[in-house]
Amino acid sequence: MRQALVAAADAGADDVPIGAVVFDPGGVELARAANRREADGDPTAHAEILALRAAAARFGDGWRLPGCTLVVTVEPCTMCAGAVTLSRVDALVFGAWEPKTGAVGSLWDVVRDPRLTHRPQVRGGVLEDECRALMIDFFAARRDD
């Protein structure tokens, strides 16, 4: 999670500071990313999507990430939870829960839906206070502007 927190710091001033890192089965970092939705003008440029794309380009058969772990500072949204499942990562680790848009237990639980053919292991709340603080500080600064 510490590496995902470092990645979050790379988000531009207008992007929500969320960081994601993909590790291979041996724990070696394959890719990392921060949100770039505002910077790229791309609604899909979430940290998880960017990190999964980069990791898939380096590992596996081009899109599957078997044995890999995705670590992200905030509970993934529906789009990202779907990408986690489709990428076939073995594990998802996240920091802060996201009660407004979270799709890994808060609003929905996309990744553990028994109808899906792949369901990664999930661990939430890792370094939760530190991850949540990034979000609180970012949005507090927005309200002050």
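Residues numbered from 1 in each chain as written. Predicted model: local features only at pLDDT ≥ 70, side-chain atom pairs only at ≥ 80, totals over all residues. Heavy atoms only, no water.

*Asks:* Can you break down helix α3 (residues 47-58) residue by residue, with the values?
*Replies:* Residues three or four positions apart in an α-helix share a direction because the helix packs 3.6 residues into each turn. With 12 residues, α3 ought to run about 16 Å at 1.5 Å a step, and its terminal C-alpha atoms sit 17 Å apart, in line with that. Looking only at α3, the buried set comprises Ala47, Glu48, Ile49, Leu50, Ala51, Leu52, Ala55 and Ala56. Here the buried face of α3 lies against β1 (19-23), β2 (29-34), β3 (69-74) and α4 (78-87). Phi turns positive one or two residues past the end of α3, at Gly60, with a value near 75 degrees. (Helix = DSSP H or I, 4+ residues; strand = E, 2+ residues; numbered from the N terminus. Expected span 1.5 Å × (residues − 1). Buried < 20%, exposed > 50% of the residue type's maximum accessible area, 1.4 Å probe, protein only. Contact = heavy atoms within 4.5 Å.)

*Asks:* Which residues make up the packing of α3 against α4, and what are the values?
*Replies:* Two elements in contact, α3 and α4, have axes separated by 9 Å at closest approach and are oriented at 20 degrees. Put simply, α3 runs roughly parallel to α4. In this structure, α3 crosses over α4, and the sense of that crossing is left-handed. Of the residues in α4, those touching α3 at Glu48, Ile49 and Leu52 are Met79, Cys80, Ala83, Val84 and Ser87. Partitioning the contact of α3 with α4 into residue classes produces 6 nonpolar, 1 polar and 1 charged. (Axes fitted to C-alpha atoms, helices over the stretch in contact; angles between N-to-C directions. Parallel < 35°, antiparallel > 145°, perpendicular 65-115°, else oblique. Left-handed = near helix turned anticlockwise from the far one by under 90°. Nonpolar A, V, L, I, M, F, W, Y, C, P; charged D, E, K, R; others polar.)

*Asks:* Let's hear about the pairing of β3: which residues, and what values?
*Replies:* Most of β3 sits out of view: 5 of its 6 residues are buried. Inspection of the sheet shows β1 paired to β3 by 4 bridges, in the antiparallel sense. Opposite Val22, over in β3, you have Leu70 as the bridge partner. Looking at chain direction, β3 and strand β4 (residues 91-96) are connected through 5 bridges and run parallel. Its bridge partner lying in β4, Leu70 is registered against Leu92. The β-α-β motif built from β3, the intervening α4 and the parallel element β4 has right-handed crossover chirality. (Pairing = 2+ DSSP bridges. Right-handed = clockwise from strand over helix to strand, strands pointing away.)

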